Amino acid sequence: GATKDMGKMLGGDEEKDPDAAKKEEERQEALRQQEEERKAKYAKMEAEREVMRQGIRDKYGIKKKEEKEAEAQAALEANAEGSLTRPKKAVPPGCGDEEEEEEESILDTVIKYLPGPLQDMFKK
């Protein structure tokens, strides 16, 4: 009996199950069906979440990232119409002359806490 089993292992004549191909096909079909059901379930869950998110956005007046980008792009294009120069870059709030003064005051504060000889080095 051992030689017959060895022959099977080496790819010899196997007793094929006549329904093997049919069973495999059914198994694949079942897997496909499960995958579709899973995708449908997650799509439904995501749709419900999106409805909830939209309700929150409406309540607090928040816009989606894509909407913000589209509006910003539209604003840039509206400003650029008829202009030969590129659009000016907006200066973020807090950037300007005050910032330099802040830096000096920070440096002064740091210098106050340094030992005497180091203070002299920075003041020169």
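Look up: the structure comes first, before these words.
Residues numbered from 1 in each chain as written. Predicted model: local features only at pLDDT ≥ 70, side-chain atom pairs only at ≥ 80, totals over all residues. Heavy atoms only, no water.

A. Broad picture of the overall build of the protein. If you tally the helices and strands in the protein, you get five helices and zero strands. Reading the protein from its N terminus to its C terminus gives the helix and strand order α-α-α-α-α. When the 124 residues of the protein are sorted by exposure, 2% land in the buried category. As displayed, the protein offers around 12,000 Å² of accessible surface, 56% of which is attributable to carbon and sulfur atoms. (Helix = DSSP H or I, 4+ residues; strand = E, 2+ residues; numbered from the N terminus. Buried < 20%, exposed > 50% of the residue type's maximum accessible area, 1.4 Å probe, protein only. Areas by Shrake-Rupley, 256 points an atom, 1.4 Å probe, with all protein chains shown as cover.)

B. Examining the pattern of salt bridges more closely. Throughout the structure, instances matching the rule amount to nine salt bridges. Measuring nitrogen to oxygen at the nearest pair gives 2.9 Å for the salt bridge that ties glutamate 29 to arginine 32. On the criterion of helical spacing, the pair formed by glutamate 29 and arginine 32 is a turn pair, its members being three residues apart in helix 2 (residues 20–60). By relative accessible area, glutamate 29 is classed as partly exposed at 40%. For arginine 32, a relative accessible area of 44% puts it in the partly exposed group. Between arginine 57 and glutamate 50 there is a salt bridge, with its nearest N and O atoms 3.2 Å apart. With relative accessibility at 13%, the residue arginine 57 sits in the buried group. Overall, glutamate 50 belongs to the partly exposed group, its relative accessible area being 25%. Several salt bridges converge on common partners, so that one network encompasses Glu46, Arg49, Glu50, Arg53, Arg57 and Lys64. (Salt bridge = Lys/Arg side-chain N within 4 Å of Asp/Glu carboxyl O.)

C. Molecular detail of helix 2. An ideal rise of 1.5 Å per residue puts 60 Å on 41 residues; helix 2 measures up with 60 Å between its terminal C-alpha atoms. Backbone geometry just after helix 2 places glycine 61 at a positive phi near 65°. (Expected span 1.5 Å × (residues − 1).)

D. Highlighting the side chain of arginine 57. Take arginine 57: it is sitting in helix 2. Only 3.2 Å separates the side chain of arginine 57 from the side chain of glutamate 50, close enough to count as a polar contact. The contact partners of arginine 57, leaving out residues within four places of it in the chain, are Glu50, Ile62, Lys63 and Lys64. (Polar contact = N/O pair within 3.5 Å; in protein donor to acceptor, adjacent residues only side chain to side chain. Contact = heavy atoms within 4.5 Å.)

E. Representation of a nonpolar patch on the surface in the model. A grouping of Met52, Ile56, Tyr60 and Ile62 is seen on the molecular surface, where their side chains present a nonpolar patch of about 450 Å² in accessible area. Its location among the elements puts tyrosine 60 in helix 2. (Patch = residues over 30% accessible without salt bridge, like charges linked within 9 Å, V, L, I, M, F, W, Y side chains within 5 Å.)

F. Layout of the environment of glutamate 35. By the element assignment, glutamate 35 lies in helix 2. The class of glutamate 35 is partly exposed, set by a relative accessible area of 35%. A distance of 2.9 Å separates polar atoms of two side chains, one belonging to glutamate 35 and the other to arginine 38.

Read these as layout, nothing more, since geometry by itself doesn't imply function.
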